[in-house]
Amino acid sequence: MEYTTLSNGVKMPMLGYGVYQIAPEDCERCVLDAIKAGNRLIDTAQYYENEEAVGSAIKKSGIPREDFFIVTKVWLSNDGYKKAKNSIEESLAKLGTSYVDLLLIHKPVGDYYGTYRAMEEAYKEGKARAIGVSSFNTKLLKKLYDFAEIKPMVNQVQTHVFFQQKELHELMDELDIRHMAWAPFAEGERGFFTNPVLTEIGKKYNKSVAQVALRFMLQSDIIPIPKSTHIERMEQNFDIFDFKLDDSDMKEIATLDTGKSIFGPEFGPHLGKLMFFLWKIFKKGL
Ligand SMILES: NC(=O)c1ccc[n+]([C@@H]2O[C@H](COP(=O)([O-])OP(=O)(O)OC[C@H]3O[C@@H](n4cnc5c(N)ncnc54)[C@H](OP(=O)(O)O)[C@@H]3O)[C@@H](O)[C@H]2O)c1
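Residues numbered from 1 in each chain as written. Predicted model: local features only at pLDDT ≥ 70, side-chain atom pairs only at ≥ 80, totals over all residues. Heavy atoms only, no water.

Student: Which residues make up the overall build of the protein chain, and what values go with them?
Tutor: Summing up its helical and strand segments, the protein chain has 11 helices and 10 strands in all. With the principal axes as the frame, the protein chain shows a C-alpha extent of 55 × 45 × 45 Å. Scored against the burial criterion, the 286 residues of the protein chain give a buried share of 53%. Restricting to contacts in the protein chain with at least 6 residues of sequence separation, those with at least 24 account for 74%. For the protein chain, the accessible area works out to roughly 13,000 Å², and carbon and sulfur atoms hold 53% of it. Of note, the protein chain has its 37 positive side-chain charges centred 4 Å away from the centre of its 40 negative side-chain charges. (Helix = DSSP H or I, 4+ residues; strand = E, 2+ residues; numbered from the N terminus. Buried < 20%, exposed > 50% of the residue type's maximum accessible area, 1.4 Å probe, protein only. Contact = heavy atoms within 4.5 Å. Areas by Shrake-Rupley, 256 points an atom, 1.4 Å probe, with all protein chains shown as cover. Lys, Arg positive; Asp, Glu negative; His and termini not counted. Charge placed at Lys NZ, Arg CZ, Asp CG, Glu CD.)

In structure tokens, the structure reads:
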């Protein structure tokens with residue numbers, strides 16, 4: 001495993017395993033398989049409703065807690081100081097741990113400044129070894145950075161070969177904020193796994209499209225957290241430390257960038273909240 005060092009000195013693995021859209025009843029098995037494949041960074045969230053399963057897999061693995069790097073995120077219905085504070089306690093209880101390694105604001109929606117204050121407190125109390133944000137664009141990240149007493153250490157954003165987030169990455173470098181990639185395979189959209197450029201480069205190294213894409217991220221100083229429910233894919237996604245893309249590969253992959261999100265626009269603080277309530281009403285109606 002390769003590691004990066006966060007601005008507060010905490011060591012974080014350069015590759016993790018994400019559990020979005022894994023049903024709670026499958027999640028424990030998946031996380032145990034991911035651990036067997038070598039993963040120690042596990043990325044969950046209050047919203048995924050599988051924090052308990054992640055916690056129980058970690059316990060069942062028999063591997064010491066301190067060998068893991070657990071990431072969770074405060075969901076937008078828990079925005080604001082008080083709700084966020086309570087929700088952090090709930091997350092810790094569900095995960096069966098007294099601290100998480102990284103705590104993020106899931107989306108810049110609602111009173112996320114209040115959420116951040118609660119996270120700073122959790123950090124000072126030793127309940128989070130590092131704190132940060134997710135899906136913050138350059139403008140929102142700069143504003144939060146200026147507001148923060150404890151500067152965010154990570155921004156987890158949609159990043160894949162079709163949306164490489166170069167401008168945001170430059171800003172994060174300046175601010176000493178690590179770049180974590182959600183949807184590193186673009187969730188398989190846009191013919192990701194049959195992309196001709198990635199396929200051809202893979203042939204040179206006897207590696208799959210997935211492995212080439214993950215390697216591209218490592219070499220771009222980006223931490224990917226791919227999700228899979230299949231052990232053989234988890235093993236494949238972890239097997240990326242024995243080859244190196246050359247400069248021409250890196251340049252060719254850089255040309256795949258469209259500079260645009262493939263999942264539609266990210267909503268700002270107010271519109272995001274409205275969208276969330278509409279979604280809740282829609283879900284209740286189903
Ligand atoms: N902060 C945020 O707002 C946010 C948003 C989205 C995601 N995330 C995090 O980022 C993680 C990863 O993103 P994601 O789950 O959205 O999508 P992803 O990792 O880009 O793609 C997952 C898809 O790729 C398939 N896959 C995985 N490995 C493969 C391989 N080697 N070969 C072929 N297919 C493969 C999976 O299928 P199988 O499962 O069937 O193998 C699944 O359909 C999430 O799990 C979550 O932890 C965060």
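Further notes follow.
Student: Any details on the sheet that holds strand β9 (residues 178-182)? Residues and values, ideally.
Tutor: Across the sheet, eight strands lie side by side as β3-β4-β5-β6-β7-β8-β9-β10; this open sheet has parallel pairing. This sheet does not close on itself; its edge strands, each paired only once, are β3 (17-18) and β10 (222-224). As paired elements, strand β4 (residues 41-43) and strand β5 (residues 69-74) share three bridges and run parallel to each other. Bridge pairing links leucine 41 to phenylalanine 69 in β5. Where helix α3 (residues 81-95) meets the sheet, it contacts β5 and β6 (102-105), and its direction lies at approximately 145° from that of β5. (Pairing = 2+ DSSP bridges. Axes fitted to C-alpha atoms, helices over the stretch in contact; angles between N-to-C directions.)

Student: Could you give an account of the pairing of β6, naming the residues involved and the relevant values?
Tutor: What you see with β6 is no split at all: Leu102 and Leu104 on one side and Leu103 and Ile105 on the other are buried throughout. With four bridges connecting them, β5 and β6 associate as parallel partners. The residue of β6 that forms the bridge with threonine 72 is leucine 103. The parallel pair β5 and β6, bridged by α3, forms a crossover whose chirality is right-handed. In the sheet, β6 pairs with strand β7 (residues 131-134) via three bridges, with the strands oriented parallel. What sits directly across from leucine 103, in β7, is isoleucine 131. After leaving β6, the chain enters helix α4 (residues 112-124) and then returns to the sheet as β7, a path that is right-handed. (Right-handed = clockwise from strand over helix to strand, strands pointing away.)

Student: With reference to specific residues and values, describe unusual backbone geometry.
Tutor: Here aspartate 176, not a glycine, exhibits a phi torsion of approximately 60°, which is positive. On the secondary structure map, aspartate 176 appears in the loop between α6 (166-175) and β9. Owing to a relative accessible area of 34%, aspartate 176 belongs among the partly exposed residues under this scheme.

Student: Provide a residue-level description of the packing of aromatic side chains, including the pertinent values.
Tutor: Evaluation of the coordinates by the stated rule reveals 14 aromatic pairs. When the ring of tyrosine 113 is compared with that of phenylalanine 147, the centres are 4.5 Å apart and the planes differ by 90°; the resulting orientation is edge-to-face. You can see tyrosine 113 sitting in helix α4 and its partner phenylalanine 147 sitting in helix α5 (residues 138-147), a full 34 residues away along the chain. Relative accessible area serves as the criterion here: at 23%, tyrosine 113 is assigned to the partly exposed category. Between phenylalanine 192 and phenylalanine 193 the ring centres are 5.1 Å apart and the planes differ by 80°, which places this aromatic pair in the edge-to-face class. Overall, phenylalanine 193 belongs to the partly exposed group, its relative accessible area being 42%. Every member of this aromatic cluster is reached through a ring pair, and the members are Tyr20, Tyr47, Tyr48 and Trp75. Its end group placed over the ring of tyrosine 3, lysine 11 keeps NZ or CZ at 4.4 Å from the ring centre. Geometry around tyrosine 145 places lysine 151 over its ring, the cationic atom sitting 4.7 Å from the centre. (Phe/Tyr/Trp six-rings, centres within 6.5 Å; stacked < 30°, edge-to-face > 60°. Lys NZ or Arg CZ within 6 Å of the ring centre and 35° of its normal.)

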